[in-house]
Structure formats: structure tokens, C-alpha cells
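# Structural overview for review
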Amino acid sequence: MLIVSVAWCMFLGVLFVTACLWGLRRMTRDLAREAEARLPPCGGFIDTSGGRLHYVDVGQGPPLVMIHGLGGQLQHFTYALTEALGNDFRVIAIDRPGSGYSAPTDDRRAHLACQAQALHEAWQALGIERPLVVGHSMGGAVALTLALEYPEEVAGLALLAPLVAQVSDVPPAMRLLAIRSPRWRRWMAETLAIPLTRVTSRQALAQVFAPEAVPADYAMRGGGVLALRPQAFHAASTDLAMLEHELPRQVLRYAALGVPLGVMFGKHDRILEPALHIETLQRQRPDMLVHVEPEAGHMLPIMRPEATTAFIRRMAARAWPSSF
């Protein structure tokens, strides 16, 4: 009789767990569909070796290619910068592989060199030659890879709060993403991650935007609602796992950087330590432009559009001195 009772309890336990997982998967799908209905793609698409990429292309003039950071998407730039720069530049903001509305990624295509190759193919297909590459946060690491892999095809780098060196610890706002196993990343993305993101996003975003408040319109105008999709979690978690192995090797190559280079940080950035990332590059390029915004945090493209625009214009003058 005891054996039957134990077996029955085990059966009920399995049934309960199965029902919970089914409910989480259903909630994840519903949240993703709602996010995509509220904020559909805003640009065009182009096929690359890294998958189909979503991009926005505005303005005329010398080309700027903008690369967003970990867990972000191109609306971090369309929030304010593309309009501010579109009168004088051709501005192309791209969803990195796996992010925004670009095609889902995997461990291979998440490597820095593979992401750089996909972005390079995209701007070539759009007829762009020697752009100034603007990279924010992890987008800075990808921008540096582009300059290292394609030195003759990058006019310069304007790096905004860039991830340059390996950090000792994952910032608290991103610890949910720190999953090394590809199988667990996929499982989390399809079950627990999106419901958890919905619950914890306010606190996480407060850390990302600190010391300033998260803008009230960030969910729509800044694309924040797109984080409620399993693809967004999986891509960000995969990016984080790849960086652990790739950044230490990339740091050793910075001496080979030959393009005009500038770095802008917010003094009170709570995601990346300004001194570590500035000094890592400055040791190899003491001539680089450095601008530290006194009261700012990490989200410079959204929170400091005027200062960020001015910094990009200064770097454009260095990249194309005969044109400015």
C-alpha cells in the first residue's frame, strides 16, 4: 500500500511540474506575441551569412553604422540619434544577429568575428563604403572587431560606454542571462526567463539607466517591450557566454588598431567601469579622443542625445578630415 501511495504521489508531482511548464511556455508565447503586436519591425531586412538582419537607413551624407549593446536593439538609436544626425549623415542602425527583429542566433553566429562579418556584409549590400562605426556597450566590442578584421573598410570608431575588456563579474542587472549551457539557455528562454523578465524588468532597467530614471516612453520608443520575447533572452544570454572567451583574446589585438578612435563614457556608469575600459584602449592608443559626461550613466544614446551627437560629430571630423 505504501509503494502505491509513493508511486501515486510521484505521478501527481510529474503531472504538476508538466502543467507548470506548459503554463510557462504558454505565457511566454503570449507575452512575445503581445510585444510584437505592440511594436512591429520599423525598418527593412537584408540577408547575410549571420542570418537575416533588420535595419533602419535614414538621411544622406557620410555613412554612420550604429551597433547596439547586449539585450538591446536598434531603437536605442532611433530613440533620438538617427533623427539628430540624419540631416548631415546617412545613418544605418542595425539589429545585431539574434537581437530585435534580426534572425535568431546560435553559439557559432554569436562570436564577435561572425557578428562583425554579418554587419560588414549588410553595409556592403547597402552600398556603404568606409563608415564611421558607432558602437554602444557590447556594440563597442563588435565595432572594435570590425576595425580589427576590416581595417581598410572602417573610417573610424565612435564608442559609447563600450565593452572593451573582460569584466570580473556580471552586472546585477544581467545575472539572469549568465547561463553557460546552450541547452539550459534554450530551456530558460522558452519557459522561465520571460515571465521572470516581466517581474524583474523594472529593477533591472533602473540599474541600467542609473543614476537617472528610466524614461516613461522607453518600452515603446526605446524598444524595451521587445525584451519580452524568448529570442531576445536567448540572444543576450548567448552573447554573454561568448564574450567570456572572446574578449581576453581581442584585448591582445588592440595594438593593431589603426583607425581614428574615440570613447565616450558616463562618469556614473553602473554597468561598465569607465576607467577600466578607457585605460585598456588608452594604453595602446594614447592619441584617442576621450569624453566623460559628468552626470551621466550607461545609456548615453537615450539619456544624453545632444552630448552623444556632438561626440559622434567630433569623431566624424577625425574620420573624414577633408569633409569637415
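None of the values given here were measured: they were computed from a predicted structure. (Residues numbered from 1 in each chain as written. Predicted model: local features only at pLDDT ≥ 70, side-chain atom pairs only at ≥ 80, totals over all residues. Heavy atoms only, no water.)

Before going further, it helps to spend a moment on the sheet that holds strand 4 (residues 90–94). Ordered by their spatial adjacency, eight strands build an open sheet running 1-2-4-3-5-6-7-8, and the pairing between neighbours is mixed. Two strands in the sheet have a free side with no partner beyond their single neighbour: strand 1 (44–48) and strand 8 (289–293). Sheet twist, expressed as the average angle between the axes of neighbouring strands with direction ignored, equals 20°. The pairing of strand 3 (residues 63–67) with strand 5 (residues 132–136) spans four bridges and is parallel. The residue bridging L64 from the neighbouring strand is L132, located in strand 5. This element, helix 4 (residues 112–125), spans strand 1, strand 2 (51–58), strand 3, strand 4 and strand 5 of the sheet and lies at about 120° to strand 1. (Pairing = 2+ DSSP bridges. Helix = DSSP H or I, 4+ residues; strand = E, 2+ residues; numbered from the N terminus. Axes fitted to C-alpha atoms, helices over the stretch in contact; angles between N-to-C directions. Contact = heavy atoms within 4.5 Å.)

This part covers the packing of aromatic side chains. On inspection of all chains with the given rule, the structure shows two aromatic pairs. Ring centres 5.4 Å apart and planes at 80° place the aromatic pair W184 and W187 in the edge-to-face group. Of the two residues, W184 and W187 are both situated in helix 6 (residues 182–190); the distance of three residues between them amounts to about one turn of the helix. Ring centres 5.1 Å apart and planes at 75° place the aromatic pair F209 and Y218 in the edge-to-face group. The ring of Y79 has R221 sitting right over it, with the charged end atom 4.0 Å from the ring centre. It is R229 that lies over the ring of Y101; its NZ or CZ is 4.7 Å from the centre. (Phe/Tyr/Trp six-rings, centres within 6.5 Å; stacked < 30°, edge-to-face > 60°. Lys NZ or Arg CZ within 6 Å of the ring centre and 35° of its normal.)

Turning our eyes to something else, we now look at the environment of R304. Position of R304 relative to the elements: it lies in the loop between helix 11 (300–303) and helix 12 (305–319). When the C-alpha atoms of R304 and E293 are compared, they prove to be 8.6 Å apart, with eleven residues separating the residues in sequence. With residues up to four places along the chain from it excluded, the contact list for R304 reads E212, E293, E295, A296 and M299.

In this section: the pairing of strand 7 (residues 261–266). With respect to burial, strand 7 is a largely interior element, six of its six residues being buried. Burial of strand 7 is two-sided: the residues L261, V263 and F265 facing one way and the residues G262, M264 and G266 facing the other way are all buried. Judged from the four bridges that link them, strand 6 (residues 156–160) and strand 7 form a sheet pairing that is parallel. When the bridges of strand 7 are listed, A158 appears paired with G262. (Buried < 20%, exposed > 50% of the residue type's maximum accessible area, 1.4 Å probe, protein only.)

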